[in-house]
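# Summary of structural features
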Amino acid sequence: TLKNCAIDTGAFMIKFNNWLTSPTRKPGSEMAVHHGCRLFRRLPGVRFEGRIHEQNLRSLMELGYKYIPLEGVEIDHFGYSGEIMTLRNKHERFITMLKREVEECPYSEFQNFQLFNLGNAYFTFGDMENAAKYLAKAAENPDVAEEYTVTTFVELATAYHRLSRSKEGLEVCMKADELGMNQAGIEFARGYCYLHLSRYKESEAAFQSALLYGRDNTRLYANTGDSGVGTYKARYGLGLALVGLEKYAEAAAACEQAITEQPGLAEARYLLSVCYTRLKRFTEAKQTLETVLLQKPNMVEARRELGAMLLHMKDFSSALRHLQMAAENEPSNYDVLTQLANCCEILGLLETAKEVYRRLRKIRPESAEICVNLGRVLATLGADAEAIDCFSEAINVNPEYSNAYFNAGDLLYKLGFYDRAAETFMSGLEVEPSYAPGFFMLGNCYVQTRAYDAAIMSFKQALIENPNYREALSNLELAEELAAKVEASVLR
């Protein structure tokens, strides 16, 4: 049926299948759908107009022809995939030509179309400032009968959202509503604008509308643009909104559906792992994160979360590998480094733990906790003087941090400085007067200095704070025996 026909292989295809942009996407899973008059008989007088995205409809109509939709024809066009555009340096060439086309376009009827093309080129290139500039001009006098008008409004609202100008993005969506452009892409863009503004309930409604429009194929241009905005991408957006509303079970269901429709959507899988974690389904969260990293090994947040998950599940050896990789990706991430240091301590990798804690001190020199943790590792390594310095620094940084006193007291006790240890424990108990182990260690100091009555009082107080403290009970009995012996010797 296409014999004696010419085919225009420009950007607007009956179906624009850009599946090469993802190695996990299968042929036939279209990224964008456009309609246009692209098949025509070879006729004298038919010509293309313009430097880029050339138009042939005007010359056909001048010859008296009309056009009608032709269903059932699909053209796969790979020339606009991200890889090919970058490889061929197409973006810059497009933009240069389109700027000239906008400046020199001889037909006012095509001016909006060329403004759209220029804005779209910037949008595809990731330059949202210029995308918004030219798309806004294209949206000033829109013709809703033109298919590209829908994409103009979708991309303009999205560009505003990505520029953190989501309120302006919502205004664009409202204007589209007034023009009667009820379409999945508009609702999708609206949903992300609401997300950015933390208006999660309205975002949920917008993504639900996008899914509803995605199932409706009866309206004009219903399928125009990115087909994912009415299917799996909208489900992922819905999942984000539901997480914002703390509806984790519903969010998980939305993510699971998105993954069913598009298994390669690693972002939806990551969000699903977050939902599983919130629902305390840790094994499923771990498995999901592992799958995410198989799909997208460089997803930093997934690597970080998997390391933390494995640490929580006490799989320390596995956690170590992921936390080390996460620390390489985020060398200044306080939480990642803290988890890494903790994991190294548990595994007995004290030299590594020491170096990580020193990195943490540079990041947060005001943290008494990091000073104490470093001091504890140094003490275990036998660097007692350095450890004492760390504990002293922690007390200077935060005199209300009781852990600094108790760790310092433990080390002083180990070194045999019982009087200084007792003073340090008492200072810690002034900050945290209900800490049973503090009274226990204070009692031990008094036993070592033969102040048995004071030791008895300390052990009794430890038992008041924790009646099940067996060690305190045992040492109380010992102190009472020693005190009785001293009293008996005095009486003799």
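Our structure's up above, just so we're on the same page.
Now for a description of the structure that goes with this document. Not measured: the values here are computed from a predicted model.

## As for the overall build of the chain
When helices and strands are tallied, the chain shows 24 helices and four strands. When each of the 492 residues of the chain is scored for burial, the buried share is 48%. Partitioning the contacts of the chain with sequence separation of at least 6, the portion at a separation of at least 24 is 52%. Surface accessibility of the chain: about 25300 Å² in total, with carbon and sulfur atoms responsible for 51%.

## Quick word on the packing of helix H13 (residues 282–295) against helix H14 (residues 300–312)
Packing of H13 against H14 brings their axes to within 10 Å, and their N-to-C directions diverge by 145°. Helix-helix and strand crossings are classified by hand; for H13 and H14 the assignment is left-handed. In this structure, H13 contributes Phe282, Ala285, Lys286, Leu289, Glu290, Val292 and Leu293 to the contact, and H14 contributes Ala302, Arg303, Glu305, Leu306, Met309, Leu310 and His312. When the residues that make up the contact of H13 with H14 are grouped by side-chain class, the tally is nine nonpolar, one polar and four charged.

## Brief notes about the environment of Tyr405
Within the element layout of this structure, Tyr405 appears in helix H20 (residues 402–414). By relative accessible area, which is 12% here, Tyr405 ends up buried. Each C-alpha atom, one on Tyr405 and one on Ile395, is 7.3 Å from the other, the two residues being ten residues apart in sequence. Once residues within four sequence positions are removed from consideration, Tyr405 is found in contact with Ile395, Pro399, Thr424, Ser427, Gly428 and Val431. A polar contact is formed between the side chain of Tyr405 and the backbone oxygen of Pro399, at a distance of 2.9 Å.

## Looking at the pattern of salt bridges
Under the defined criterion, the tally for this structure stands at 15 salt bridges. Glu168 is the salt-bridge partner of Arg165, the closest N and O atoms lying 2.8 Å from each other. One salt bridge in this structure joins Lys296 and Glu267, with 2.5 Å as the shortest N-O distance. One end of the pair, Lys296, is in the loop between H13 and H14; the other, Glu267, is in helix H12 (residues 266–278), and 29 residues separate them in sequence.

Cut-offs applied
- Residues numbered from 1 in each chain as written.
- Predicted model: local features only at pLDDT ≥ 70, side-chain atom pairs only at ≥ 80, totals over all residues.
- Heavy atoms only, no water.
- Helix = DSSP H or I, 4+ residues; strand = E, 2+ residues; numbered from the N terminus.
- Buried < 20%, exposed > 50% of the residue type's maximum accessible area, 1.4 Å probe, protein only.
- Contact = heavy atoms within 4.5 Å.
- Areas by Shrake-Rupley, 256 points an atom, 1.4 Å probe, with all protein chains shown as cover.
- Axes fitted to C-alpha atoms, helices over the stretch in contact; angles between N-to-C directions.
- Left-handed = near helix turned anticlockwise from the far one by under 90°.
- Nonpolar A, V, L, I, M, F, W, Y, C, P; charged D, E, K, R; others polar.
- Polar contact = N/O pair within 3.5 Å; in protein donor to acceptor, adjacent residues only side chain to side chain.
- Salt bridge = Lys/Arg side-chain N within 4 Å of Asp/Glu carboxyl O.

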